[in-house]
Amino acid sequence: MSKAILQLDALSCPSCMQKIQGALEKQAGVDTVKVLFNAAKVKTEFDADQVSADQLSNVVTDLGYEVKSVKVKS
């Protein structure tokens, strides 16, 4: 299982958290998603054979949020 931390520009409301979490949880290969509202971070665990950290970042970007950086740990 790989892990990624997506640093976002900002989160403005709790419904933003739910929107991001729900979209990422629907992705094939995603095991866990934790959105940290105050830190504007998204922590994920995923199967790198099914999805990449860049693909997860694109999902968040497609929702209208800016991803400032992505850190991946295998």
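These notes cover the structure that comes with them. Note that the structure is predicted; figures quoted are calculated from it, not measured.

## Some points on the environment of V30
Move 1: Here V30 shows up in strand β2 (residues 30-36).
Move 2: Since its relative accessible area comes to 15%, V30 is described here as buried.
Move 3: Separated by 18 residues in sequence, V30 and S12 place their C-alpha atoms 24 Å apart.

## Describing the sheet that holds strand β1 (residues 2-8)
Move 1: Reading across from one edge, β2-β3-β1-β4 is the order of the 4 strands in this open sheet, with antiparallel pairing throughout. Since the sheet does not close on itself, it has two edges, and those belong to β2 and β4 (67-73), each with one partner. Averaged over all pairs of adjacent strands, the angle between strand axes in this sheet comes to 15°, irrespective of strand direction.
Move 2: Bridging between β1 and β4 involves 6 bridges; their strand directions are antiparallel. Within the sheet, the bridge partner assigned to A4 lies in β4 and is V72.
Move 3: On the sheet, helix α2 (residues 53-62) packs against β1, β2, β3 (41-46) and β4 and is oriented at approximately 155° with respect to β4.

## What to know about the side chain of T44
Move 1: Assignment of secondary structure puts T44 in strand β3.
Move 2: Taking relative accessible area as the criterion, T44 reaches 3% and is therefore assigned buried.

## Focus: the packing of helix α1 (residues 14-25) against α2
Move 1: Contact pair α1 / α2: the axes reach a minimum separation of 10 Å and the direction vectors enclose 140°. One element, α1, and the other, α2, form an angle in the oblique class. You can see that α1 and α2 cross each other, and the crossing is right-handed. For the pair formed by α1 and α2, the contact residues are I20, A23 and L24 on the first element and L56, V59 and V60 on the second.
Move 2: Each residue belonging to the contact of α1 with α2 can be placed in one class, and the counts come to 6 nonpolar, no polar and no charged.

Basis of the calculations
- Residues numbered from 1 in each chain as written.
- Predicted model: local features only at pLDDT ≥ 70, side-chain atom pairs only at ≥ 80, totals over all residues.
- Heavy atoms only, no water.
- Helix = DSSP H or I, 4+ residues; strand = E, 2+ residues; numbered from the N terminus.
- Buried < 20%, exposed > 50% of the residue type's maximum accessible area, 1.4 Å probe, protein only.
- Pairing = 2+ DSSP bridges.
- Axes fitted to C-alpha atoms, helices over the stretch in contact; angles between N-to-C directions.
- Contact = heavy atoms within 4.5 Å.
- Parallel < 35°, antiparallel > 145°, perpendicular 65-115°, else oblique.
- Left-handed = near helix turned anticlockwise from the far one by under 90°.
- Nonpolar A, V, L, I, M, F, W, Y, C, P; charged D, E, K, R; others polar.

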